[in-house]
Structures are given as structure tokens and as C-alpha cells.
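Coordinate analysis (summary)
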Amino acid sequence: MKVGVLTGGGDCPGLNAVIRAVSRRLFARGHDVVGIREGWRGLVDGRFEPLGPREVSGLLPRGGTILGTSRTNPYRVDGGVDAVLEHFRTEGLDALVAIGGEDTLGVGAQLHAEHEFPVVGVPKTIDNDLSATDYTFGFDTAVFICTEAIDRLHTTAESHNRVMVVEVMGRHTGWIAVMSGIAGGADMILIPEQPVSIEDACKEIRHRHDRGKDFSIVVVSEGYELEGVADEGEVDEFGHVRLSERGVGAQLASQIEQQTGFETRVTVLGHVQRGGSPTPRDRVLATRYGLKAADLVHDGSFGRMAALHGDRIVDVSLEEATAELKRVPDDWFEVARAFFG
Ligand code: F6P
């Protein structure tokens, strides 16, 4: 078989480790691998590059993606789907491994449902919001980076008796905020799934000061609903606004300072969370996902996605994985809440 590989959506650490594992397993089984440039855009425009053992060597620790990525949605491009099908055919491809989140894999699921497109998915995103898998790769690295930042902010917060607000990514779910907040010992965590009001957050911060702790760490997810903060501005081809533009961290910091009288600063971690080398855990997860995806292709099991259930790598339907977002359940938030205030 000749198998295409693409990476779509926001990049994250571990993409190259998947490309390496998919390719190595496919080579071992006698197949050829072709890289598709910049996600679905590469299939719309017909941009390919052959991947051989030399191209996929040395990729395990490397951040980003050697194939490039984009948020192109062929269903939003005039003639996009026809171009994808045509380029796939003329390049002589037999199968596609799509490495992406809900948007990239959602396109794969739709193409498979409508055209029996031979696609297999690998769940990527720092947000960890894909259903039907316990974890996506990239998430562990993002949580590691945020936790380290929270640790650093702790020491300066304590020196200055300040409240430190840390804004993290996560779009419409609070996985990064909750996990890094628990790991970093946050005194308050605000996420889209849990409607903790600013008044209640300030009450907890005051309570902490009453207990003799003159500094606090507040972790807020970029998608947290704060009064006066609107989702406005340009949307991408999947209908998402840039949540970093909402400035929820800055608004929250100013409201906390006003309501409590405590000096407050904000740190927005931004794309630092997506950069650099993957953690060992993400390298291993990405590798296991890559091998599974290659096996699914080899077996002709299309419309499936590699997934983690407990400690086992399994396969699930792409449709199920992209039907709805996986939100932070109450019991995870309860772990965090036990340490508020
Ligand atoms: O989906 C991954 C993610 O990093 C989100 O957490 C964030 O909202 C978004 O991508 C940022 O996208 P961009 O790289 O286009 O600014």
C-alpha cells in the first residue's frame, strides 16, 4: 500500500513521534509512506513529500511537526472535498493516517461516512478533549509546562504577597487547568465546565489570607465564562474564535484586585504550552498510537481511531470519537476543590 500521513490543527509535542512510529511499522510491513503537507490543505492543493527511513529518523524528541499543519477544512473550501478525493487518487494513495483533534478527525469521519474514504485517526491535542480515549498525546507535556510555570509563580507570589493569575489553554474544556492546577497546588481553578463565580473565588482567596497565607495562585482556563468577556473576532474554518483574544486572565486579575484589594498579576502561558520536546509519557503514548494506526491500516480497518483505555491501546470509531467533546467530570474537579481557599 501507499499510505499518506497528515498532521492537522494546532501542533503539539509528540506529532513527530507518531509520524516516526506509523512509518517504521508500515515500512516493516512492506508499505510506502507519503507525507502530506500542512494537514487537509495538502490534500486540497496536492502537496506531498515521500517519507523514507532517513526522513523519519531522529524524530522522537522533536517538537512541532515535520509535515507542517493548518486549520484548513476541505468542507469550507470551494470544491475542497472533490480536490481531496482527486489528489488522493492521482497520488496513488491507498490509505490515510490523519493525526489531529476533533476538527481534523471530524473531517476524516465525515469523508469516511460519505465516501468510504480509507482513513485511520490518531488522537492529538494538548486540550485532551477528544471523546472515546482516556488521553490524547501532547496533553501530558502541556500539563508539565504549566505545572513548572505554576511552581515558579509560587515563589515570586510568596515574596510579594500577591495573587497570581495563570491563564492556560484548553478551549472549551478545563483539562489543562485542572491537571496542572492540582499538580501545582493552585488555590483556585476556574474552568468552563464549573460555574464558580468570581465572588466565590474572591471569598476563597480572602479566606486563605485570613488563615495567614498572603499569596494565592489562581489558574484560569482561556474558555472560562466571565461576565463582560465576549467570544468575538475572526473565526477559523472550523468556526472557532481565538480564545486568547478574550483576555480572560487579565480581566479576572483586575476583578480580583478590585474585589479583594490584594495586589494581583497575570501570566498568560499561551503557545509555550505547545512548544518543545514531548515528555517521556507523551513519546511513549504517541509511539503506541502510531503503531496501532499502522496496524489498522495494514488490516484495512478504516474509519477507526487509535485510543487509550486504561493502559491498553484499542481502536474506536472515528464517528464516536468526534461526536462530542470530552469535558472535565465533576470528580476530577472535586480533587482540585479540596485544596481551594
Ligand atoms: O486546540 C489546541 C489549542 O492550543 C487550544 O488550546 C487553543 O485555544 C488553540 O489551539 C490556539 O490556536 P492557535 O494556535 O490557532 O492560536
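Structure's up top.
Residues numbered from 1 in each chain as written. Predicted model: local features only at pLDDT ≥ 70, side-chain atom pairs only at ≥ 80, totals over all residues. Heavy atoms only, no water.

1. As for helix α4 (residues 102-115)
Spanning 14 residues, α4 covers 19 Å between terminal C-alpha atoms, matching the ideal 20 Å at 1.5 Å per step. Those residues of α4 not exposed but buried are Asp 103, Thr 104, Leu 105, Val 107, Gly 108, Ala 109 and Leu 111. Looking one or two residues past α4, Glu 116 carries a phi angle of roughly 50°, positive in sign. (Helix = DSSP H or I, 4+ residues; strand = E, 2+ residues; numbered from the N terminus. Expected span 1.5 Å × (residues − 1). Buried < 20%, exposed > 50% of the residue type's maximum accessible area, 1.4 Å probe, protein only.)

2. A short note on the site of the ligand
Inspection of the region around the ligand gives Arg 71, Ile 126, Asp 127, Met 169, Gly 170, Arg 171, Glu 222, His 271 and Arg 274 as its neighbouring residues. At a separation of 2.7 Å, an oxygen atom of the ligand approaches a polar side-chain atom of Asp 127. A distance of 3.0 Å separates an oxygen atom of the ligand from a polar side-chain atom of His 271. A per-class count over the shell around the ligand returns two nonpolar, two polar and five charged. (Near = heavy atom within 4 Å. Polar contact = N/O pair within 3.5 Å; in protein donor to acceptor, adjacent residues only side chain to side chain. Nonpolar A, V, L, I, M, F, W, Y, C, P; charged D, E, K, R; others polar.)

3. Remarks on the sheet that holds strand β9 (residues 264-268)
Reading across the sheet, the four strands line up as β7-β8-β6-β9 and stay open at both edges, with parallel pairing between neighbours. If you trace the sheet from one side to the other, it starts and ends with β7 (188-190) and β9, each paired once. Averaged over all pairs of adjacent strands, the angle between their axes in this sheet comes to 20°, without regard to strand direction. In this sheet, β9 lies alongside strand β6 (residues 163-168) in parallel orientation, the contact comprising five bridges. When the bridges of β9 are listed, Val 163 appears paired with Thr 264. (Pairing = 2+ DSSP bridges. Axes fitted to C-alpha atoms, helices over the stretch in contact; angles between N-to-C directions.)

4. Some words on the environment of Gly 223
Structurally, Gly 223 is set in the loop between β8 (216-221) and α8 (248-260). Between the alpha carbons of Gly 223 and Met 169 there is a distance of 7.8 Å; along the sequence they are 54 residues apart. Setting aside residues up to four positions removed in sequence, Gly 223 forms contacts with Arg 171, Pro 192, Leu 243 and Arg 246. (Contact = heavy atoms within 4.5 Å.)

5. Section: the sheet that holds strand β10 (residues 304-309)
One open sheet holds the seven strands; their spatial order is β3-β2-β1-β4-β5-β10-β11, and the pairing between them is mixed. In this open sheet, the two edge strands, each paired with only one partner strand, are β3 (48-51) and β11 (312-317). Between one strand axis and the next, the sheet turns through 30° on average, direction left out of account. Strand direction decides the pairing type here: strand β1 (residues 2-7) and strand β4 (residues 95-100), joined by five bridges, are parallel. Counterpart to Thr 7 in the pairing with β4 is Ile 99. Lying over the sheet, helix α9 (residues 280-299) contacts β1, β4, β5 (119-123), β10 and β11, oriented at roughly 140° with respect to β10.

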